[in-house]
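# Understanding the architecture of this molecule
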Amino acid sequence: MSITEEIEILQFGQGILSEADVLSSFSKLSEDKKKWRIYFFRSLLQRVKPNEAEVEQVNPRPAPEDPTNPTLVMYTPLKNLRGLRLNMSCDELDNSYRILLNLFRTAYQRTFELEKDNPNIWHRELSDPETVAGILADYQALVDALYSDSGFRTEFISIARLWHANHRQRQVKMDKPALAVQTHYHFVTYEQMSTGLIEDNKNTRASALLRSSVAKALIVRYKLDQAQAGQLLNDVLERHLRETYNTDLDGQRTA
């Protein structure tokens with residue numbers, strides 16, 4: 001989730017934007033991007049800590065199990081959210097996102113008055129366009145500084161290379177033509193299968209370890225929380241991807 005999207009959700013929480021305003025931009029996303037947005041929304045909820053009553057207020061009634069209507073049980077360290085039910089079928093994604101938005105707004109407004117003097121972006125009044133412009137400018141300056149920081153450059157180049165290798169590998173698998181009906185089969189040994197699985201996963205594991213290490217360093221250096229560090233890391237990583245591989249984090253060509 002970008003800093004602009006986060007500000008939009010905070011403005012919704014403060015009553016500056018309507019539900020229709022926020023759902024309008026969400027409805028334009030692809031199905032996959034909608035699912036990712038819903039998945040990553042949990043980091044926003046973890047920061048406002050909804051209580052049990054607030055979760056129950058928005059929780060839809062349980063429906064009979066339906067394999068064509070998959071549901072996602074929100075996984076989070078916050079106990080109160082573990083039973084939140086979201087319908088993840090394609091035609092219900094907008095409604096599931098609406099549930100998350102309303103849960104966020106309720107919990108956010110409960111804490112906003114108590115924290116409104118906190119200089120953190122999450123507690124600043126965001127109705128003034130100049131305030132928002134200043135926040136975006138400060139954040140972009142931080143992205144630029146981190147991108148140019150020689151102390152992190154090797155790590156970001158490595159993460160970008162691993163990400164690009166993983167993406168290309170997935171793309172090759174997706175682009176393979178459907179196989180014709182086979183009459184002759186070539187079997188693989190358990191050792192060959194195991195080696196292949198290790199090869200597929202080693203880049204992913206290396207990338208995850210590097211990301212975790214860099215995120216921890218950003219948290220300490222810039223006094224960020226986990227979600228903020230992840231957002232900053234992604235924005236700097238995307239700049240490396242764009243300038244080295246002409247692609248973004250979604251795998252879309254940029255040139």
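Computed from a prediction, not measured in an experiment: that's the story for all the values here. Note that residues are indexed from 1 along each chain, following the sequence as it is written. Under the rules for a predicted model, residues below a pLDDT of 70 receive no local features and side-chain atom pairs below 80 are neither given nor counted, while totals for whole chains, interfaces and linings still include all residues. To obtain the side-chain values, all non-hydrogen atoms of the structure were included, while hydrogens and water were left out.

Only DSSP runs of H or I reaching four residues or more are called helices, and only runs of E reaching two or more are called strands; each is numbered from the N terminus. Looking at the secondary structure, you find E56 in helix 4 (residues 52-58). Taking the C-alpha atoms as reference points, E56 and L84, separated by 28 residues in sequence, lie 8.1 Å from one another.

Let us now look at the layout of surface pockets. By volume, the largest pocket is sized at about 2000 Å³. If you go around the largest pocket, you meet 46 residues; those closest to its centre are W36, F40, N234, L249 and D250. Under the scheme applied here, ten amino acids are nonpolar (Ala, Val, Leu, Ile, Met, Phe, Trp, Tyr, Cys and Pro), four are charged (Asp, Glu, Lys and Arg), and all others, including Gly, are polar. Split into classes, the residues belonging to the lining of the largest pocket amount to 15 nonpolar, 17 polar and 14 charged. Buried and open spaces are told apart on a 1 Å grid over the protein atoms alone, a cavity being a set of points where a 1.4 Å probe fits but cannot get out and a pocket being an open set with protein on both sides within 12 Å along at least five of seven lines. Residues with an atom within 4 Å of a point are the lining residues. Grid points are joined across faces, edges and corners, and a volume is the space filled by probe spheres set on the points.

We define a salt bridge as a contact between a side-chain nitrogen of Lys or Arg and a carboxyl oxygen of Asp or Glu at a distance within 4 Å. On inspection of all chains with the given rule, the structure shows 10 salt bridges. Put simply, D225 and R47 hold a salt bridge, and the shortest N to O gap is 3.2 Å. One end of the pair, D225, is in the loop between helix 8 (190-222) and helix 9 (226-245); the other, R47, is in helix 3 (residues 31-48), with 178 residues separating them in the sequence. When its relative accessible area of 27% is taken as the criterion, D225 is described as partly exposed. A simple rule labels every residue: compare its accessible area, found with a 1.4 Å probe on the protein chains alone, to the largest value its type can have, and call it buried under 20%, exposed over 50%, or partly exposed in between. Given the relative accessible area of 22%, R47 is considered partly exposed.

We now examine a nonpolar patch on the surface. A surface patch of nonpolar side chains, about 340 Å² in accessible area, is lined by W36, Y39 and F40. Turning to its location among the elements, Y39 is positioned in helix 3. In this scheme, patches are assembled from residues that exceed 30% relative accessible area and form no salt bridge. Like charges are connected within 9 Å, while nonpolar side chains (Val, Leu, Ile, Met, Phe, Trp, Tyr) are connected within 5 Å. Per-residue accessibility takes into account occlusion by the displayed protein chains alone, with areas from the Shrake-Rupley method and a 1.4 Å probe.

Attention shifts here to the packing of helix 1 (residues 3-13) against helix 5 (residues 93-115). One way to put it is that helix 1 packs onto helix 5 with a least axis distance of 8 Å and a crossing angle of 65°. For the element pair helix 1 and helix 5, the recorded crossing hand is right-handed. Residues I9, L10, F12 and G13 of helix 1 touch helix 5, and the partners they reach there are Y97, L101, N102, F104, R105, Y108 and Q109. Here the residues of the contact of helix 1 with helix 5 are counted per class, giving 7 nonpolar, 3 polar and 1 charged. With axes taken as lines fitted to C-alpha atoms, and helix axes fitted only over the stretch in contact, angles between N-to-C directions fall between 0 and 180 degrees. By definition, turning the near helix anticlockwise from the far helix through less than a right angle yields a left-handed crossing, and turning it clockwise yields a right-handed one. Contact criterion: two residues are considered in contact whenever any of their non-hydrogen atoms come within 4.5 Å of each other.

The subject of this paragraph is the confidence of the model for the protein chain. Looking at the protein chain as a whole, its pLDDT mean stands at 81, while 77% of the residues score no less than 70. pLDDT is a residue-level measure of predictor confidence that goes from 0 to 100. The least confident element of the protein chain is strand 1 (residues 71-73), whose mean pLDDT is 57; the most confident is helix 6 (residues 129-148), at 95. The model gives residues 185-198 a pLDDT under 50, and that stretch makes 2 contacts with residues more than four places away or in other chains.

So, about the packing of helix 1 against helix 6. Between helix 1 and helix 6, whose axes approach to 11 Å, the crossing angle comes to 150°. Regarding the angle of helix 1 to helix 6, the classification is roughly antiparallel. In this structure, the crossing between helix 1 and helix 6 has a hand that is right-handed. Residue-level inspection shows I3, T4, I7 and Q11 of helix 1 in contact with helix 6, the latter providing V132, I135, L136 and Y139. Here is the rule for angles: anything less than 35 degrees is roughly parallel, anything more than 145 is roughly antiparallel, 65 through 115 is roughly perpendicular, and the remaining ranges are oblique.

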